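Summary of structural features
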Amino acid sequence: MAKAIKVFHTLRNHWKKTTVGVCLLTWGGNWLYGKHCDNLLRRAACQEAQVFGNQILPSSMEIKKATVFLNPAACKGKARNLFEKNAAPILHLSGLDVTVVKTDYEGQAKKLLELMENTDMIIIAGGNGTVQEVITGLLRRADEAAFSKIPIGFIPLGQTNTLSRALYPENANQVQYITDATLSILKGETVPLDVLQIKGSKEQPVFALTGLRWGSYRDAGAKVSKYWYLGPLKIQAAHFFNTLKEWPQKHLGSLTYLGPTPRPPEEPEQKTSRPPLYIRLYKRLAHYWAPAPKEIPKEVTPEAWQEMPLSAIEFSITTQNRHLDLKRTEDFMNICIEPDNISKGDYIKRGSQKMQDPLLCPEGSQCIQASRCILQLPEDTEGSLAIDSEEYETMAVEVKLLPRKLHFFCDGRKKEQMLQSAS
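Each value, and the rule that gives it
Residues numbered from 1 in each chain as written. Predicted model: local features only at pLDDT ≥ 70, side-chain atom pairs only at ≥ 80, totals over all residues. Heavy atoms only, no water. Helix = DSSP H or I, 4+ residues; strand = E, 2+ residues; numbered from the N terminus. Rg over C-alpha atoms; globule rule 2.2 N^0.38 Å. Buried < 20%, exposed > 50% of the residue type's maximum accessible area, 1.4 Å probe, protein only. Contact = heavy atoms within 4.5 Å. Areas by Shrake-Rupley, 256 points an atom, 1.4 Å probe, with all protein chains shown as cover. Lys, Arg positive; Asp, Glu negative; His and termini not counted. Charge placed at Lys NZ, Arg CZ, Asp CG, Glu CD. Axes fitted to C-alpha atoms, helices over the stretch in contact; angles between N-to-C directions. Left-handed = near helix turned anticlockwise from the far one by under 90°. Nonpolar A, V, L, I, M, F, W, Y, C, P; charged D, E, K, R; others polar. Phe/Tyr/Trp six-rings, centres within 6.5 Å; stacked < 30°, edge-to-face > 60°. Pairing = 2+ DSSP bridges. Disulfide = S-S within 2.5 Å. Salt bridge = Lys/Arg side-chain N within 4 Å of Asp/Glu carboxyl O. Parallel < 35°, antiparallel > 145°, perpendicular 65-115°, else oblique. Core = buried A, V, L, I, M, F, W, Y, C linked by side-chain atoms within 4.5 Å. pLDDT = per-residue confidence, 0-100.

1. What to know about the overall build of the protein
- Counting secondary structure elements, the protein contains 14 helices and 18 strands.
- A compact globule built from 423 residues should have a C-alpha radius of gyration of about 22 Å, whereas the protein, at 27 Å, is more than 25% larger.
- In terms of its C-alpha atoms, the protein occupies a principal-axis envelope of roughly 115 × 70 × 45 Å.
- Expressed as a percentage of its 423 residues, the buried residues of the protein come to 41%.
- The contacts in the protein between residues at least 6 apart in sequence include a share of 80% that link residues at least 24 apart.
- With an accessible surface of roughly 25800 Å², the protein has 55% of that area assigned to carbon and sulfur atoms.
- Considering the protein, the positive charge centre built from 53 side chains and the negative charge centre built from 46 side chains are found 8 Å apart.

Shown next as C-alpha cells:
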C-alpha cells in the first residue's frame, strides 16, 4: 500500500511527464491493436484463398496463369510493400501460376504488353496511371481482338484509384480493401467496362477507362501540391491564384459529335456440334446446283454528325463506368461543357468540389451524350489534357467509345447492386 501511495505522489508531482507518457502509451496501444487487426484480416483472407488452392483439378485441365503488372512507385513508393504483404500471399495460395512483372519507369508497361504471351488473366497492381498504361498496351496489340477478351483484375495500390469505386464497395481500412479486391479476382465475377479511344494527330491512340479533362479546374488542381505549406487551405489557394490570370478563363474550340448508338441484344454463346458427313455433302451439292442469289447492297445512310462552337471554363468526356447500368439500351459517353461566365468566388468553391470529385458535372453545364466526337483546338492553345489523371500535350483529338470492350473482375455484392438498380 505504501508503494502505491508513493507512486501516486510521484505521478502527481510530475504531472506533465505523466500526461505525455499516458498519451504515448495510448497511441502505442492503438497502433499495436490496429496492426493486430490487420494481421487477422490477412490471415482470414489467406484461409479463404487456400480453399481455392486446395481444389482438385482434373488431369486434363491446366493450372491458370495470372500475369501481374506491379508499379512499385505507386502510392509514393509504398505499392510494392502493400502488394507483398496483402495481395501476393492470397494469389500464391489460390493455386494460380503467378508471374509478377515490375515496371521500372513510366511507359514500360505499354512495351511489356506488346511482348506478353498467352495468359488466363491480367492483374493490375497500382493506380490510375498503371491501369491506363496496361489497357493502352493491351489494345495497341495487333491481336487485341483476342487479348481484349482476357479478364482483368485491379488491385488498388495507388493514390488515386478511380476505377476501384466501380468494382468494389468502399472501405476505409486499406488492408481489407486490398484483400477484398484480390479475393474478388479469385471468385471470378466480371463486369463489362467501356473504353475511350483517344487519338491525336501525332502519336498512337491512348485508351482510357474514366475520361478526359481539359480546362481551368484541371490546371489549378495540378498546382495544388505547390502550396503544401498552406495546409488545408492549399486547394483554395491554388484556385485563387489561378483567378489572378486572365478572367474569365475561356477555353475555345469546336466540337463535332455523333449521338448514342443502340446496344445490340446479347446472344448467349452456343457451341454447336459439327454435323455428320452426309449432311455436309448434301449441303455442298445443294449449294452447287442452286446457288444463293446475290444480295443487293443496302444503301448506307450518312452518319448524322453535329457541330457546335465551344467556349467553356472546363470540358470533360467521361464513360459510364462510374455508374454502371448493365441493362441500359444505348451506349454513349458523357460530354460536359461548363459555362465560362462563373464568378471568382463560385470558381474557388467549385474547385474544392472538383478536387473531391473530378468527374462532377455541375448544374448549369451543357451535357451531351455521344458515341464519338472530334475536339478541334486553336494552334496556340495552352494547358494540358488529363486522360485518366495522366497529363498529355494539348492537341486536337478524336474520341471514340468502345462499348463493353474489356471485362474486369468485380465484387459480387457490387454486381448485385448494379443489377438491382438496373431492374
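2. Details of the packing of helix H5 (residues 108–115) against helix H6 (residues 128–139)
- It is the contact of H5 with H6, at a shortest axis distance of 8 Å, that shows an interaxial angle of 35°. Judged by the twist between their axes, the crossing of H5 over H6 is right-handed. Contacts between H5 and H6 involve Gln108, Ala109, Lys110 and Leu113 on the former and, on the latter, Glu133, Val134, Thr136, Gly137 and Leu138.
- In terms of residue class, the contact of H5 with H6 is built from four nonpolar, three polar and two charged.

3. As for the packing of aromatic side chains
- For the structure shown, the criterion picks out six aromatic pairs.
- With a centroid separation of 4.9 Å and an interplanar angle of 25°, the aromatic rings of Tyr217 and Tyr347 are classed as stacked. Taken together, the residues Tyr217 in helix H10 (residues 216–221) and Tyr347 in helix H13 (residues 344–356) connect sequence positions 130 residues apart. Take Tyr217 and Tyr347: they sit in the same class, and that class is buried.
- Pairing Trp247 with Tyr347 gives two aromatic rings, centres 5.3 Å apart and planes at 70°, and the pair type is edge-to-face. With Trp247 in the loop between helix H11 (234–243) and strand S8 (251–258) and Tyr347 in helix H13, the pair connects residues that are 100 residues apart, well separated along the chain.

4. Description of the sheet that holds strand S14 (residues 366–370)
- In space, the six strands of this open sheet follow the order S14-S13-S11-S7-S16-S17, with antiparallel pairing throughout. The sheet terminates laterally at S14 and strand S17 (390–393), the two strands that pair on one side only. The sheet shows a mean angle of 20° between the axes of neighbouring strands, taken without regard to direction.
- Here five bridges tie strand S11 (residues 314–318) to strand S13 (residues 333–338), and the two strands are oriented antiparallel to one another. If you follow Glu314 over to S13, its bridge partner there is Glu338.

5. A few points about the pairing of strand S3 (residues 121–126)
- Burial runs high along S3: six of the six residues are buried.
- Burial along S3 is two-sided: the face carrying Met121, Ile123 and Ala125 and the face carrying Ile122, Ile124 and Gly126 are both buried.
- Where strand S1 (residues 65–70) and S3 come together, five bridges link them in parallel fashion. Considered in S3, the bridge of Thr67 is made with Ile122.
- Pairing of S3 with strand S4 (residues 152–156), which is carried by five bridges, proceeds in the parallel orientation. Opposite Gly126, over in S4, you have Pro156 as the bridge partner.

6. Focus on the state of the cysteines
- The tally for this structure, following the rule as stated, stands at one disulfide.
- Free cysteine Cys37: the closest other cysteine sulfur is in Cys46, separated by 16 Å.

7. A closer look at the pattern of salt bridges
- Following the criterion strictly, the structure yields 17 salt bridges and no others.
- Measuring nitrogen to oxygen at the nearest pair gives 3.1 Å for the salt bridge that ties Glu144 to Lys405. One end of the pair, Glu144, is in helix H7 (residues 144–147); the other, Lys405, is in strand S18 (residues 397–409), and 261 residues separate them in sequence.
- The exposure class assigned to Lys405 is partly exposed, which follows from its relative accessible area of 23%.
- For Arg218, the salt bridge identified is with Asp219, shortest N-O distance 2.9 Å.

8. What to know about the packing of H11 against H13
- Contact pair H11 / H13: the axes reach a minimum separation of 9 Å and the direction vectors enclose 140°. Accordingly, the angle class assigned to the pair H11 and H13 is oblique. The chirality of how H11 crosses H13 is right-handed. Residues Ile235, Gln236, His239, Phe240, Asn242 and Thr243 of H11 form the contact with H13, whose participating residues are Lys344, Tyr347, Ile348, Gly351, Ser352 and Met355.
- Grouping the amino acids of the contact of H11 with H13 by side-chain chemistry returns five nonpolar, six polar and one charged.

9. Remarks on the nonpolar core
- Counting residues in hydrophobic clusters, the biggest one holds 32 residues, and the most contacted among them are Leu167 and Phe408.
- When contributions to this core are tallied by element, the ones reaching two or more residues are H5, S3, H6, S4, helix H9 (174–187), strand S5 (190–199) and S18.
- If one sorts the elements of this core by residue count, H6 sits on top with five residues.
- Other than its neighbours up to four places away in sequence, Leu167 contacts Phe154, Val191, Leu193, Phe408, Phe409, Cys410, Asp411 and Lys414.

10. Quick look at the confidence of the model for the protein
- Summarising the model, the protein shows a mean pLDDT of 85, and 91% of its residues fall at 70 or more.
- In the model of the protein, helix H1 (residues 2–13) stands out as the element of lowest mean pLDDT, 68, in contrast to S4, which has the highest, 93.

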